[in-house]
Amino acid sequence: MYNTRAYSAASATSPLASSRINRRDPGERDVQIEILFCGICHSDLHLARNEWSKVMPTVYPVVPGHEIVGRVTTVGSAVTKFRPGDLAAVGCLVDSDRSCPHCQTGNEQACRNQVLTYNSPDRHLGGVTYGGYSDSIVVDEHFVLRVPATLDLAGAAPLLCAGITTYSPMRHWGVGKGKKVGVVGLGGLGHMAVKFGRAFDAHVVVFTTSPGKRDDALRLGADEVVVSRNADEMKKHAGSFDFILDAVSADHDINAYLNLLARDGNLTLVGAPEKPLSVASFALIMARRSLSGSNIGGIAETQEMLDFCGTHNITADVEVIPIQKVNEAYERMLKGNVKYRFAIDMASLRVE
Ligand SMILES: NC(=O)c1ccc[n+]([C@@H]2O[C@H](COP(=O)([O-])OP(=O)(O)OC[C@H]3O[C@@H](n4cnc5c(N)ncnc54)[C@H](OP(=O)(O)O)[C@@H]3O)[C@@H](O)[C@H]2O)c1
Ligand SMILES: [Zn+2]
Ligand SMILES: [Zn+2]
């Protein structure tokens, strides 16, 4: 066991602050990574503030962060995929049972015994796992990803959650040429969905509550932008979408979007607001529409997504910040004032 630097929240109402945490010494299948960049996901904020208390109550202190990119410092004797000095990445999962039907089909994101990167029981040290707002992390090599060397590292970090969370359902629902696809909420996830929609050659329409994001949405690859508070603009798209990805972090009317689906169209929720959303049955039944959800993606698909991003030179648009600005970043994220993901430069932690 060794002791390292981190930023943690001591309670649902405390700001994140500098602290120390313990990590396990690397075992024979482990990779130890010096963290270079960690993205800030809205889930970090939901969990730091215990907003998902009914589903996964937060254990304090919590060290958030699951969009991790860094450099390998040590590998265990049985590690085959990585060597010291390699670039490496870790997303939302650091372990699972590896034996259930989900794990055996590469769907670790659905494993009932999955271990999340933070706020999950730690099988090695007891207590809970600690995330990427820290100096280093030790992870079993099965859950460590390779980062294409051509990608900007700060922009690559958000691929580990925002990237896979949008890539996976878009692939699952067949987003591609000839499909009309909506993206609701132009935040960290939403802006990645726009980039993937473009790369998959679909017709992409962004729905935003922020009229000021219109030009950015077009620059990111959208074909059309709808300001969702404008009922006339919304009406024009009634019954026309094959697929809509909803990446909104707060309460909103999903029926307005269900009504935009064509017959047999699907709306997939990836956003995880604190309170339940209400669904009007008639928005679904008249046109055999479906509503579903999606949670990140499996390890193999995460690697596929990273490789796809390497080939197509896709990264997140990031604002790089020192860790000392993390609390300010949370407040800005709540206001939708981030273009379009914060990435923490972890060198800032080492000078504390
Ligand atoms: N399913 C998964 O595996 C998974 C993975 C990661 C994150 N998530 C969840 O996905 C959600 C989005 O995460 P994120 O990191 O992309 O967050 P984010 O960067 O804060 O983006 C959320 C966007 O939602 C829109 N929005 C915010 N409040 C709204 C409101 N009251 N009404 C309508 N629209 C609103 C805003 O877009 P506009 O300004 O364009 O309206 C905002 O930029 C969070 O709930 C997060 O926990 C789920
Ligand atoms: Zn996330
Ligand atoms: Zn499993």
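First, a word on what this report is: a plain description of the structure on this page. Keep in mind the model is a prediction, meaning the values are calculated, not measured.

Cut-offs and rules
- Residues numbered from 1 in each chain as written.
- Chains lettered and ligands numbered in written order.
- Predicted model: local features only at pLDDT ≥ 70, side-chain atom pairs only at ≥ 80, totals over all residues.
- Heavy atoms only, no water.
- Phe/Tyr/Trp six-rings, centres within 6.5 Å; stacked < 30°, edge-to-face > 60°.
- Buried < 20%, exposed > 50% of the residue type's maximum accessible area, 1.4 Å probe, protein only.
- Helix = DSSP H or I, 4+ residues; strand = E, 2+ residues; numbered from the N terminus.
- Lys NZ or Arg CZ within 6 Å of the ring centre and 35° of its normal.
- Near = heavy atom within 4 Å.
- Polar contact = N/O pair within 3.5 Å; in protein donor to acceptor, adjacent residues only side chain to side chain.
- Areas by Shrake-Rupley, 256 points an atom, 1.4 Å probe, with all protein chains shown as cover.
- Donors = N, O, S within 2.8 Å, 3.2 Å for Na, K, Ca; no water.
- Tetrahedral: all angles 85-135°; square planar, octahedral: opposite > 155°, others 65-115°.

Some thoughts on the packing of aromatic side chains
Inference 1: Following the criterion strictly, the structure yields eight aromatic pairs and no others.
Inference 2: On the numbers, 6.0 Å between centres and 15° between planes, the contact of F196 with F200 is stacked. For the residue pair F196 and F200, the accessibility class agrees, reading buried in each case.
Inference 3: Aromatic side chains F207 and Y257 sit 5.3 Å apart centroid to centroid with 75° between the ring planes, which places their arrangement in the edge-to-face category. Here F207, found in strand β10 (residues 203-208), pairs with Y257, found in helix α8 (residues 255-258); they are 50 residues apart in sequence, far enough to count as distant. Y257 matches F207 in its accessibility class, with the two residues each being buried.
Inference 4: Positioned over the ring face of F308 is R171, at 5.3 Å from the centre of the ring.
Inference 5: We note K180 situated over the ring of F241; from NZ or CZ to the ring centre the distance is 4.6 Å.

With respect to the site of ligand 1
Inference 1: Around ligand 1 lies a shell of 29 residues, among which T208, T209, S210, K213 and R341 are the nearest.
Inference 2: One nitrogen or oxygen atom from the side chain of S210 is found 2.5 Å from an oxygen atom belonging to ligand 1.
Inference 3: Considered on its own, ligand 1 offers 930 Å² of accessible surface; in the complex 89% of this is hidden by protein.
Inference 4: Listing elements by their share of the shell around ligand 1, those giving two or more residues are α1 (42-48) and α5 (188-199).

Section: the coordination of the zinc ion (ligand 3)
Inference 1: At the metal site, the zinc ion (ligand 3) is ligated by D97 (OD), C100 (SG), C103 (SG) and C111 (SG), and these contacts range over 2.1 to 2.3 Å.
Inference 2: In this structure, the zinc ion (ligand 3) is coordinated by four donor atoms arranged in tetrahedral fashion, with angles at the metal of 100 to 119°.
Inference 3: Each donor residue of the zinc ion (ligand 3) lies on the same chain, and together they follow the pattern D-x2-C-x2-C-x7-C. Of the two residues, C103 and C111, both sit in the buried class.

Honestly, it's all geometry; don't read function into it.
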